[in-house]
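Secondary and tertiary structure notes
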Amino acid sequence: VQLQASGGGLVQAGGSLRLSCAASGRTFNYYLVGWFRQAPGKEREFVAALNWSAGSTYYADSVKGRFTISRDNAMNMVYLQMNSLKPEDTAVYYCATRKRGYTRATMDPNDYDYWGQGTLVTVSS
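Just so it is clear, the structure is predicted and the values come from calculations on it, not from any experiment. (Residues numbered from 1 in each chain as written. Predicted model: local features only at pLDDT ≥ 70, side-chain atom pairs only at ≥ 80, totals over all residues. Heavy atoms only, no water.)

**Details of the environment of Asp113**
- Mapped onto the elements of the fold, Asp113 is located in the loop between β9 (91-97) and β10 (114-115).
- For Asp113, a relative accessible area of 39% puts it in the partly exposed group.
- C-alpha of Asp113 to C-alpha of Thr97: the two residues are 16 residues apart in sequence and 6.1 Å apart in space. (Helix = DSSP H or I, 4+ residues; strand = E, 2+ residues; numbered from the N terminus. Buried < 20%, exposed > 50% of the residue type's maximum accessible area, 1.4 Å probe, protein only.)

**Concerning the state of the cysteines**
- Using the criterion set out here, one finds one disulfide in the structure.
- Two residues, Cys21 and Cys95, share a disulfide whose sulfurs are 2.1 Å apart. Between Cys21 and Cys95, the disulfide has an S-S torsion of 70 degrees and is therefore right-handed. Of this pair, Cys21 sits in strand β3 (residues 17-24) while Cys95 sits in strand β9, placing them 74 residues apart in sequence. Summarising the burial analysis for this pair, Cys21 and Cys95 share the class buried. (Disulfide = S-S within 2.5 Å.)

**Remarks on the pairing of β9**
- By the criterion of burial, β9 is predominantly enclosed, with six of the seven residues buried.
- Bridge analysis of strand β4 (residues 32-38) against β9 gives six bridges, and the strand direction is antiparallel. The residue of β9 that forms the bridge with Phe36 is Tyr94.
- Of the pairings in the sheet, the one linking β9 to strand β11 (residues 119-124) comprises three bridges and is antiparallel in character. Paired with Ala91 across the two strands is Val121, which belongs to β11.
- Where β9 lies against β10, two bridges are found, and the strand directions are antiparallel. Paired with Ala96 across the bridge in β10 is Trp115. (Pairing = 2+ DSSP bridges.)

**As for the pattern of salt bridges**
- Counting across every chain of the model gives four salt bridges.
- Among the ionic pairs, Arg37 bridges to Asp89, the shortest N-O distance being 2.9 Å. Linking Arg37 in strand β4 with Asp89 in the loop between β8 (77-82) and β9, this pair joins segments that are 52 residues apart in sequence. Across the pair, exposure class does not vary: Arg37 and Asp89 are buried alike.
- Residue Asp89 pairs with Arg66 through a salt bridge whose shortest N-O separation is 2.8 Å. Separated by 23 residues along the polypeptide, Asp89 in the loop between β8 and β9 and Arg66 in the loop between β6 (56-59) and β7 (67-72) bring together distant segments of the chain.
- Classification of Arg66 by relative accessible area gives buried; the value is 11%. (Salt bridge = Lys/Arg side-chain N within 4 Å of Asp/Glu carboxyl O.)

Here it is, written out as structure tokens:
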């Protein structure tokens, strides 16, 4: 399974970006898909997750109300719409998924088995 994250870039505070995550080798059906981020000098942290089979979504408190995770079944894509961006959102963003399907939602990056290469989001003040 290979994941490809894209859509990062430089944006001013208050702006928006949409990240995309594409999977090859497997569909996202029945699997938990998450977005994480890692800022320089910090640990990787949970941003959002989507339970594909249930359609449930989960967000870190720091992004709730500003970020939206969504899916496109036909395209086998997962998106992260990021609005009202803040300088503290600056990080490399990764998408990830689990090896097993029908699993509970988790915010622990150690629970995810497959990772994309990351896409850099820089928010200027």
